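Examination of the molecular architecture
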Amino acid sequence: MSKSSKIGMVSLGCPKALVDSERILTQLRTDGYEISPDYQGADVVIVNTCGFIDSAKAESLEAIGEALDANGRVIVTGCMGVNENEIRELHPQVLSVTGPQQYEAVVSAVHRHAPPPQEHDPFTSLVPPQGVKLTPRHYAYLKISEGCNHKCTFCIIPSMRGLLNSRPVGEVMGEAERLVKAGVQELLVISQDTSAYGVDLKYKLDFWDGRPIRTRMKELCDALGSLGVWVRLHYVYPYPHVDEIIPMMADGRILPYLDIPFQHGSPRVLKQMKRPAAAENTLERISHWRDICPELAIRSTFIVGFPGETDDDFEILLQFLQEAKLDRVGCFRYSPVQGAAANSLPGAVPEALMDERWNRFMQTQAEISRNSLQRKVGSVQDVLIDVLDNDIAIGRSKADAPEIDGIVQVKDGRDLAPGDLVRVKVESADDYDLFGRIAD
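All of the points below concern the structure found in this document. Source: prediction; values computed, not measured. (Residues numbered from 1 in each chain as written. Predicted model: local features only at pLDDT ≥ 70, side-chain atom pairs only at ≥ 80, totals over all residues. Heavy atoms only, no water.)

In the structure shown here, the tally under the stated rule is seven aromatic pairs. On the numbers, 6.3 Å between centres and 35° between planes, the contact of Phe-262 with Phe-302 is tilted. On the criterion of sequence distance, the pair formed by Phe-262 in the loop between β13 (257-259) and α9 (267-273) and Phe-302 in strand β14 (residues 297-304) is long-range, its members being 40 residues apart. A relative accessible area of 7% means that Phe-262 is categorised as buried. Under the relative-accessibility criterion, Phe-302 is labelled buried at 0%. Aromatic rings pair up to connect Phe-262, Phe-302, Phe-320 and Phe-361 into one cluster. Sitting above the plane of the Trp-358 ring, Arg-333 keeps its charged end 4.2 Å from the centroid. (Phe/Tyr/Trp six-rings, centres within 6.5 Å; stacked < 30°, edge-to-face > 60°. Helix = DSSP H or I, 4+ residues; strand = E, 2+ residues; numbered from the N terminus. Buried < 20%, exposed > 50% of the residue type's maximum accessible area, 1.4 Å probe, protein only. Lys NZ or Arg CZ within 6 Å of the ring centre and 35° of its normal.)

The next subject is the packing of helix α1 (residues 15-30) against helix α4 (residues 103-113). The description of two packed helices rests on the angle between their axes and on the distance between the axes. Two numbers describe how α1 lies on α4: the axes approach to 10 Å, and their chain directions differ by 45°. Relative to α4, the element α1 is oriented oblique. In this structure, α1 crosses over α4, and the sense of that crossing is right-handed. In this structure, α1 uses Asp-20, Arg-23, Ile-24, Gln-27 and Leu-28 to contact α4, whose residues at the interface are Tyr-103, Val-106, Val-107 and Val-110. Broken down by class, the residue content of the contact of α1 with α4 amounts to six nonpolar, one polar and two charged. (Axes fitted to C-alpha atoms, helices over the stretch in contact; angles between N-to-C directions. Parallel < 35°, antiparallel > 145°, perpendicular 65-115°, else oblique. Left-handed = near helix turned anticlockwise from the far one by under 90°. Contact = heavy atoms within 4.5 Å. Nonpolar A, V, L, I, M, F, W, Y, C, P; charged D, E, K, R; others polar.)

The next point concerns the sheet that holds strand β16 (residues 380-389). The five strands are arranged β16-β17-β18-β20-β19 in a closed barrel whose pairing can be described as mixed. Taken over all neighbouring pairs, the strand axes of this sheet differ in orientation by 50° on average, direction set aside. For strand β17 (residues 392-396) and strand β18 (residues 408-410), the ladder comprises three bridges, and the chain directions are antiparallel. Paired with Ala-393 across the strands is Val-410, a residue of β18. (Pairing = 2+ DSSP bridges.)

Here is the structure:
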């Protein structure tokens, strides 16, 4: 058999982009390529870019330059690929540039610049049934749809990734089953708008495990909850039908965790953002959810310094934080995005004021998080182990998603391994993390 070409991959941006990278690598492995862990061993390097905000674009351009310096043969794809001229202006020597979800174009470019082995049987290739994964073996991202139908003024996702395009529920559940059979213990459900899943298909009836099932959020969660693993929901908009999911969390079918990008607490700013939710109703919904499922953990992201944000708007945001008492929160300073409608809004917030508001926001949330975690001291938590650090095992509770939330340090975890699910007695906490020992 002819020598296999080797592919390097640099994957930037959100988990949705990571799933795109996994799909590309899975196809290339099926085509007979090997994966190189470094630049030097690769015949060609793929850089999957992020183009959401200016800092992400800068990181993508830097990564392309690094790959060119180290290897010289670079194929660019991903969200920033929609701005091919901007990429080629700085890096004219790249071999190919494509946008997000253009998997076939990326694979074709690889075939063109690093031909696959002539003698190759895809039916005997060692490609695992679940495909090539870039996450640890015990958790995986499960992308249920692409695109978004919202017209948020700060966002250009629809122009980069298109309108909502849901995967049939039978296809999603087939992938979920393969992942679980391969040892995955946590499925992280991702999309641009998980709550809208199936709207574009008019909640089409599909089949899984020999029975009919609708392509809809509630039915998907119910089916995923039957697989016996952690199921974590990301990118959920607080539509009324989300209320139907909370009892499943209370019953332990899916994790009591919601990732909801609220973005602000001021109704006026939310209107300027064209967000599909009103802050006053959201507080009532959160309270109702917690009545049903007291363990519910909510994480969110916010933007400070949005054009036109006044001192009063910011104070309303802080009040929203204090009333909502969200468990995990990230905050971004507003950054103009090329092509976003918000760029033309009046009332730009000065950088110094934006920094001041960001610091006040983070201090407010740190106190909320600290008080929340202190209440967990003395409790026993289910913890999924991610890594070992000498005698300490580092894992996550049901309230923590990988890489974006807090961790649980298990002091006597020398005999544990990644993927182990253990009960941990919490002995102490800081602003964001828990510390404990294996429960007796």
